[in-house]
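Chains, contacts and geometry: an overview
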Amino acid sequence: MEPTMSFFSGFQPSDLLYLAEAAWRTVLISVLSISIGTFLGAIFGWMMYEGKWAAALTLGPVLDVFRSVPLIIQLVLFYNFAPMIGLNLDPFLSGVVILSIYCASLVANVARGGMEAVGQPMRRAARSLGMSYWQDLRYVVLPIGGRAVFPSWVGVALGVMKDSALVSVLGYVELLKASQILITRTQEPLLILTIAGAFYFALSYPISRYAATLEKRWAS
Amino acid sequence: MIQIRGLEKYFGTLQVLKGIDLDIPKGEVLSIIGASGSGKSTLLYCINGLEAIQAGTVSVAGTDVHAKGTDVNKLRQKMGMVFQQWNSFPHLTALENVALAPKIVKGKSKAEARDIAAKQLKHVGLGDKLDVYPSALSGGQQQRLAIARALAMEPDYMLFDEATSALDPELVGEVLDTMRLLAEDGMTMICVTHEMSFARDVSDRVAFFHEGVIEEIDTPANIFGVPKSEHLQKFLSNIR
Ligand SMILES: Nc1ncnc2c1ncn2[C@@H]1O[C@H](COP(=O)(O)OP(=O)(O)OP(=O)(O)O)[C@@H](O)[C@H]1O
Ligand SMILES: [Mg+2]
């Protein structure tokens, strides 16, 4: 209650609220990054599929970099170097930028795989009915390819949510950072990490369950 | 009327069509036979603009398919195509498969599109499968679904690319019967086929393809009765 009075104090009910708020910030940064990343990734994937070699030569390697350099390095580099080019972003926005690009680089491959999964014959059948290129994309490629790679996309999304913990290195107090702060104060790492873990689980489990339900419905 | 003049098609350096001249008047049923790789499928793709061509012209009802300003999407509405692989949309029911294009391409209302789809599905004998997903249909049923899907656009021409080749033998009959029905209704049809009985009994003319040219084109009686070209004679003797 009064942190100044005793630096070390046991776990209090109000700490749960503190963790819940932090969990909300995890949700916020994750949902934003996954949404932006998925949108961009779908476009990148489409470019790589359609542009073939031109996009594969330019976009491919760039995305490879973001996919392979550890996220924590990307975050620290971006946060420290962005001001040099006049971008003064707070930890939250820096995190959103990097997480979005990272998510996009992963989704790009997923999206391209989805388009490949639909196959030329199916698309020709759609076009032979008079559908335009975009109608084919919207009504045939998106639903068929999207369903084919939906499990991979869920994997990417859950991964990005967990990786959002790394934004704590920039000082953004999300779930993991909040746990660390509380551990330092309460000296009760097991309890607090268990609670934090439970929060992460509570965030991702409904998503996995919902995804499984969708997959089951599509399979029938 | 489909008019093909001096049509040449290359894949890279490989010339697949070497100068095709062909007229298909309205109401005709033309079967195309020939060895694998002779360019039969490619010709169909060139007719409805799914493949670009390198020389010559293809005109459908007076419209040059490959001309710059041609709206191929519009043109394709006049030409239904059925493929060897039936390509049902797996995420849609039979009814939705057939109703999709009328709805989004022709701008029909939902109710109209459903009516058209139901009618076409009944026409091909799938009246009791309206709400079934393709995964629950046999190959023959899916191929009839593909035919209904093409017919729902009310095309003037139908192109069949070995519509029965991927089917189990016992399912071939039902699809051929559907095609026969269509021919009797007066549909203009180009059928690439390996079913010689269909070519003989249903078509008005049969074209024999050999290495990218139409080596012989004539009535079924002449093609099968008195084949002139050596390649055709050999082709027919291999089949029998
Ligand atoms: N997209 C493509 N790229 C390169 N070559 C192709 C392509 N499509 C077809 N070909 C080649 O063109 C030739 C003619 O192919 P096509 O499919 O038209 O033959 P077909 O007469 O329909 O044979 P089949 O009876 O096996 O279906 C073949 O040599 C084939 O390998
Ligand atoms: Mg073929």
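Below is a short write-up of the structure.

Conventions and cut-offs
- Residues numbered from 1 in each chain as written.
- Chains lettered and ligands numbered in written order.
- Predicted model: local features only at pLDDT ≥ 70, side-chain atom pairs only at ≥ 80, totals over all residues.
- Heavy atoms only, no water.
- Helix = DSSP H or I, 4+ residues; strand = E, 2+ residues; numbered from the N terminus.
- Rg over C-alpha atoms; globule rule 2.2 N^0.38 Å.
- Buried < 20%, exposed > 50% of the residue type's maximum accessible area, 1.4 Å probe, protein only.
- Contact = heavy atoms within 4.5 Å.
- Areas by Shrake-Rupley, 256 points an atom, 1.4 Å probe, with all protein chains shown as cover.
- Lys, Arg positive; Asp, Glu negative; His and termini not counted.
- Charge placed at Lys NZ, Arg CZ, Asp CG, Glu CD.
- Core = buried A, V, L, I, M, F, W, Y, C linked by side-chain atoms within 4.5 Å.
- Salt bridge = Lys/Arg side-chain N within 4 Å of Asp/Glu carboxyl O.
- Phe/Tyr/Trp six-rings, centres within 6.5 Å; stacked < 30°, edge-to-face > 60°.
- Lys NZ or Arg CZ within 6 Å of the ring centre and 35° of its normal.
- Near = heavy atom within 4 Å.
- Polar contact = N/O pair within 3.5 Å; in protein donor to acceptor, adjacent residues only side chain to side chain.
- Nonpolar A, V, L, I, M, F, W, Y, C, P; charged D, E, K, R; others polar.

**What to know about the overall build of chain B**
Counting its regular elements, chain B contains nine helices and ten strands. Computed over its C-alpha atoms, the radius of gyration of chain B comes to 18 Å, within 12% of the 18 Å expected for a compact globule of 240 residues. With respect to the three principal axes, the spread of C-alpha positions in chain B is 55 × 45 × 30 Å. Here chain B, with 240 residues, has 55% of them falling under the buried criterion. Nonlocal contacts in chain B, meaning residues at least 24 apart in sequence, comprise 63% of its contacts between residues at least 6 apart. For chain B, the exposed area adds up to about 10000 Å²; of that, 48% sits on carbon and sulfur atoms. One finds the centroid of the 25 positive side-chain charges in chain B at a distance of 5 Å from the centroid of its 30 negative side-chain charges.

**Quick notes on the nonpolar core**
In this structure, Val82, Leu121, Ile147, Met158, Phe160, Met179 and Met189 of chain B are the most contacted members of the largest nonpolar core, which totals 39 residues. Among the secondary structure elements, those contributing two or more residues to this core are α3 (94-104), α4 (110-123), α5 (139-151), β7 (157-161), α6 (169-184), β8 (188-192) and α7 (196-202) of chain B. The dominant element in this core, judged by the number of residues it contributes, is α6 of chain B, at seven residues. Of all hydrophobic cores here, the second largest spans 31 residues; its members include Ala125 of chain A together with Leu17, Leu43 and Ala207 of chain B.

**Focus on the pattern of salt bridges**
All names here are of chain B. Scanning the entire structure with this criterion turns up twelve salt bridges over all chains. For lysine 228, the salt bridge goes to aspartate 218, with nearest N and O atoms at 3.7 Å. On the criterion of sequence distance, the pair formed by lysine 228 in the loop between α8 (220-225) and α9 (230-239) and aspartate 218 in strand β10 (residues 213-218) is long-range, its members being ten residues apart. Of the residues examined, aspartate 218 reaches a relative accessible area of 18% and is grouped as buried.

**Concerning the packing of aromatic side chains**
Taken as a whole and judged by the stated rule, the model has eight aromatic pairs over all chains. Among the aromatic residues, ring-to-ring pairing joins Trp46, Tyr133 and Trp134 of chain A into one connected group. Across from the ring centre of tyrosine 139 of chain A, 4.5 Å away, lies the NZ or CZ of arginine 138 of chain A, which sits over that ring. For the cation-ring pair, arginine 149 of chain B lies above phenylalanine 89 of chain B, with the distance from its terminal atom to the ring centre recorded as 4.2 Å.

**Details of the site of ligand 1**
Residue and element names in this part refer to chain B. Not every one of the 13 residues close to ligand 1 is listed here, only the nearest: Ser36, Gly37, Lys40, Ser41 and Thr42. Serine 41 is positioned such that a nitrogen or oxygen atom in its side chain is 2.6 Å from an oxygen atom of ligand 1. A distance of 3.0 Å separates an oxygen atom of ligand 1 from a polar side-chain atom of glutamate 162. Across the complex, the protein chains shield 59% of the 630 Å² of accessible surface that ligand 1 would expose by itself. Elements that contribute at least two residues to the shell around ligand 1 include exactly β2 (14-24) and α1 (40-47). Ranked by residue count, the leading element in the shell around ligand 1 is α1, at three residues. Classifying every residue of the shell around ligand 1 gives four nonpolar, seven polar and two charged.

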